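Report on the structure
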Amino acid sequence: MGNICSDKFTSSRQNEKDKIKDAKIIFVVGGPGSGKGTQCEKVVAKYGYTHLSSGDLLRAEVASGSERGKHLQAIMQKGELVPLDTVLDMIKDAMIAKADVSKGFLIDGYPREVKQGEEFEKKIGKPCLLLYIDAKGETMVQRLLKRGETSGRSDDNEETIKKRLDLYYKATEPVIAFYESRGIVRKIDSEPPADEVFKQVSQTIDALK
């Protein structure tokens, strides 16, 4: 009896995975203040993609009060990193939940290191594109300082912003280099106004087969 249940569970998990097997997956990388979030919103509106941010998924899980959410909250309260497997499971669950209605997936702010990208491919699938939303360091600082005037976020001050940018560059340079070697990185200049940036993004997505 146990085997039958186990077989059914395995089969249902496989069916779920099949749902996202051929999904279009785009990794979106960009520093704080690069305009990445704005561009993701525009892609969702025009192309019917689903925008998934690992940080948002973690916060939503904690807020839900689920067993997994309580476990994650305990990890984060200790200042520890959430295990990679847990993050991937959450992304995969979110993708499966949207598979029937989504034209593709924007995975935002992930992977943060090469190993995360490799594990993502083993567990979920290969990205067809890494969209690199790139702005100059000083532009990102100015945008975040402007946001800080109204956001009330304590981390929107110049010293903290520069530290965040340093961490971002150190973390993402190897990731970008890894995917450049595969020929799937498209660098988008996000210095112009958002609508002009989106023209570049649209051309890139339209070129996907």
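Residues numbered from 1 in each chain as written. Predicted model: local features only at pLDDT ≥ 70, side-chain atom pairs only at ≥ 80, totals over all residues. Heavy atoms only, no water.

1. Remarks on the UniProt feature "binding site: AMP" (unreviewed entry) in the chain
Under the present numbering, the feature "binding site: AMP" (unreviewed entry) in UniProt falls on Ser54, Arg59, Glu80, Leu81, Val82, Gly109, Tyr110, Pro111, Arg112, Gln116, Arg153 and Arg164. Mapped onto the elements, Glu80 comes out in the loop between α4 (67–77) and α5 (84–98). For Glu80, a relative accessible area of 45% gives the class partly exposed. Position of Gly109 relative to the elements: it lies in the loop between β3 (105–108) and α6 (114–123). Of the residues examined, Gly109 reaches a relative accessible area of 18% and is grouped as buried. Apart from residues lying up to four places away in sequence, Gly109 is in contact with Val28, Lys36 and Ser54. (UniProt positions renumbered as here; feature names shortened; annotations may be inferred. Helix = DSSP H or I, 4+ residues; strand = E, 2+ residues; numbered from the N terminus. Buried < 20%, exposed > 50% of the residue type's maximum accessible area, 1.4 Å probe, protein only. Contact = heavy atoms within 4.5 Å.)

2. Here's the deal with the side chain of Thr204
In this structure, Thr204 sits in helix α9 (residues 194–206). Look at Thr204 and you get buried, because its relative accessible area is 14%.

3. Details of the UniProt feature "binding site: ATP" (unreviewed entry) in the chain
The feature "binding site: ATP" (unreviewed entry), as given by UniProt, occupies Gly33, Ser34, Gly35, Lys36, Gly37, Thr38, Arg147 and Pro192 in the numbering adopted here. Tracing the backbone through its elements, the reader meets Gly35 in the loop between β1 (25–30) and α2 (36–47). For Gly35, the contacting residues outside a window of four places in its chain are Ile133 and Arg143.

4. Looking at the nonpolar core
Within the largest apolar cluster, 34 residues are counted, with the highest numbers of intra-cluster contacts made by Ile91, Met95, Ile107, Phe120 and Leu130. For this core, the secondary structure elements donating two or more residues are β1, α3 (54–64), α4, α5, β3, β4 (129–134) and α8 (158–180). The element that contributes the greatest number of residues to this core is α5, accounting for eight residues. Judged by nonpolar contacts, the second largest core, of 16 residues, contains Cys40, Leu131, Ile188 and Phe198. (Core = buried A, V, L, I, M, F, W, Y, C linked by side-chain atoms within 4.5 Å.)

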